[in-house]
Amino acid sequence: MISIDTLASRLQTYRPRRMPGRRWVRRCGVVLLLAEHGPDGEAIAPALLMMRRTERLGDPWSGHVSFPGGRVNRHDVDTRAAALRELHEETGFAPLGQLTPIGRLSDRLTREHARPLPMVISPYVYRADRAVSLQPSAEAARLWWAPLSHLLAPERRRTVIWRIAGVPLKAPAIDVGGARLWGLSLAMAKELLRAAGLTRFR
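Model, not experiment: these values are computed from the prediction.

Asks: It is not clear to me how the overall build of the chain should be interpreted in this structure. Could you clarify?
Replies: Counting its secondary structure elements, the chain contains four helices and 11 strands. The globule rule puts the C-alpha radius of gyration for 202 residues at 17 Å, and the 16 Å found for the chain is close to it. In terms of its C-alpha atoms, the chain occupies a principal-axis envelope of roughly 45 × 40 × 35 Å. Sequence separation of at least 24 residues holds for 64% of the intrachain contacts in the chain that already meet a minimum separation of 6. Per element, the accessible surface of the chain, about 10,700 Å² overall, is 52% carbon and sulfur. Taken as two groups, the 32 positive and 18 negative side-chain charges of the chain have centres that lie 8 Å from each other.

This is the structure we're talking about:
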């Protein structure tokens, strides 16, 4: 497993895809937060902050594993500002002075909840000095740090069943701390690993 310094260096030369026309649709920003030292300063394998969403009636993504983030509101200057604001609201992590931006990943096209309107998600990669213990908000049922090595382990690969118009469809997933990482969040994690040169992940 590579260090975060090496990963950050590789992300500097990575060219993510920018979605054409993204300024004309609803925007969302998310944070993929990495750390390689535990709360006491001990060295650990690079780990990625994971969030399990609170289960809510009518929310199709409730209970799913995701990364902190959310939609841009009228007070946010851009998607990065929205991502950092949501990180603080959902995890209590105060970004100012504690995080360093190390890269960006490709825009992802999805749709808004409960409305068939397009939405573009922009993922930003940051590093923290330490993998501190965080208290989840009302939006997050659980927060934890998953080693990047878990995303590469073949024995952690799973399948989830997702229903579209009542039709069951199989989708790839990864077991991270007893929860399933899949869908757009898994696609972002895969891109991060590819950008870092960890090509064993397909």
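Next comes the rest of the account.
Asks: What should I look at first to understand the environment of isoleucine 44 in this one?
Replies: The residue isoleucine 44 is located in strand S2 (residues 43–53) in this model. Isoleucine 44 gets classed as partly exposed once you look at its relative accessible area, which sits at 32%. Residues isoleucine 44 and proline 147, spaced 103 residues apart in sequence, show a C-alpha to C-alpha distance of 8.4 Å. Non-local contacts of isoleucine 44, meaning those with residues more than four positions away in its chain, are made with Ala35, Glu36, His37, Gly38 and Ala131.

Asks: Would you mind going over the pairing of strand S7 (residues 118–128) with me for this structure?
Replies: Residues in a regular strand project their side chains so that they alternate between the two faces of the sheet. The buried fraction of S7 amounts to nine of the 11 residues, a majority that puts the element mostly inside the structure. Pairing geometry for strand S1 (residues 26–37) and S7, over nine bridges, is parallel. Pairing of arginine 27 across the sheet is with valine 120, part of S7. Pairing geometry for strand S5 (residues 99–104) and S7, over five bridges, is antiparallel. Within the sheet, the bridge partner assigned to glycine 103 lies in S7 and is valine 125. As paired strands, strand S6 (residues 108–111) and S7 are joined by four bridges and run antiparallel to one another. Across the sheet, the residue bridging to leucine 109 is valine 120, located in S7.

Asks: Can you walk me through the nonpolar core in this structure?
Replies: Taken as a class, soluble globular proteins show a tendency for nonpolar side chains to be buried jointly. Met50 and Leu151 are the most contacted members of the largest nonpolar core, which totals 35 residues. Considering every element that reaches this core, the biggest residue donor is helix H4 (residues 183–195), with six residues. Judged by nonpolar contacts, the second largest core, of 18 residues, contains Ala47, Phe93, Ala128 and Ala140.

Asks: Is there a simple way to explain helix H2 (residues 79–91) in this structure?
Replies: Residue pairs spaced three or four apart in an α-helix point in one direction, given the helix's 3.6 residues per turn. With 13 residues, H2 ought to run about 18 Å at 1.5 Å a step, and its terminal C-alpha atoms sit 18 Å apart, in line with that. Listed as buried for H2 are Thr79, Ala82, Ala83, Glu86, Leu87, Glu90 and Thr91. All buried residues of H2 lie within an arc of 140° about the axis, which places them on one face of the element. Where H2 is buried, its residues contact S1, S2, strand S4 (69–71), S5, S7 and strand S8 (140–147). Between the side-chain oxygen of the N-cap and the backbone nitrogen of arginine 80 there are 3.3 Å, and the N-cap of H2 in question is aspartate 78.

Asks: Just to check I follow, could you spell out the sheet that holds strand S9 (residues 157–164) for this structure?
Replies: Through backbone hydrogen bonds, the strands of a sheet pair up, either in parallel or in antiparallel fashion. Strand order in the open sheet formed by three strands is S9-S10-S11, and the pairing between neighbours is antiparallel. Among the strands making up the open sheet, the edge pair consists of S9 and strand S11 (179–182). On average, each strand axis in the sheet is inclined to that of its neighbour by 50°, with strand direction left out of account. Here S9 pairs with strand S10 (residues 167–176) via eight bridges, running antiparallel. In the sheet register, tryptophan 162 faces S10, and the bridge partner there is leucine 169.

Asks: Quick question: what am I supposed to make of the packing of aromatic side chains here?
Replies: Aromatic rings considered in pairs are described by the distance between their centres and by the relative angle of their planes. Overall, the coordinates contain one aromatic pair when judged by the stated rule. For the pair tryptophan 162 and tryptophan 182, a centre-to-centre distance of 5.3 Å together with 55° between the ring planes defines the contact as tilted. Linking tryptophan 162 in strand S9 with tryptophan 182 in strand S11, this pair joins segments that are 20 residues apart in sequence. Given a relative accessible area of 26%, tryptophan 162 falls into the partly exposed group. Directly above the ring of tryptophan 144 sits arginine 142, whose terminal nitrogen or CZ lies 3.9 Å from the centroid.

Conventions used here
Residues numbered from 1 in each chain as written. Predicted model: local features only at pLDDT ≥ 70, side-chain atom pairs only at ≥ 80, totals over all residues. Heavy atoms only, no water. Helix = DSSP H or I, 4+ residues; strand = E, 2+ residues; numbered from the N terminus. Rg over C-alpha atoms; globule rule 2.2 N^0.38 Å. Contact = heavy atoms within 4.5 Å. Areas by Shrake-Rupley, 256 points an atom, 1.4 Å probe, with all protein chains shown as cover. Lys, Arg positive; Asp, Glu negative; His and termini not counted. Charge placed at Lys NZ, Arg CZ, Asp CG, Glu CD. Buried < 20%, exposed > 50% of the residue type's maximum accessible area, 1.4 Å probe, protein only. Pairing = 2+ DSSP bridges. Core = buried A, V, L, I, M, F, W, Y, C linked by side-chain atoms within 4.5 Å. Expected span 1.5 Å × (residues − 1). Arc of directions from axis to C-beta. Polar contact = N/O pair within 3.5 Å; in protein donor to acceptor, adjacent residues only side chain to side chain. Axes fitted to C-alpha atoms, helices over the stretch in contact; angles between N-to-C directions. Phe/Tyr/Trp six-rings, centres within 6.5 Å; stacked < 30°, edge-to-face > 60°. Lys NZ or Arg CZ within 6 Å of the ring centre and 35° of its normal.

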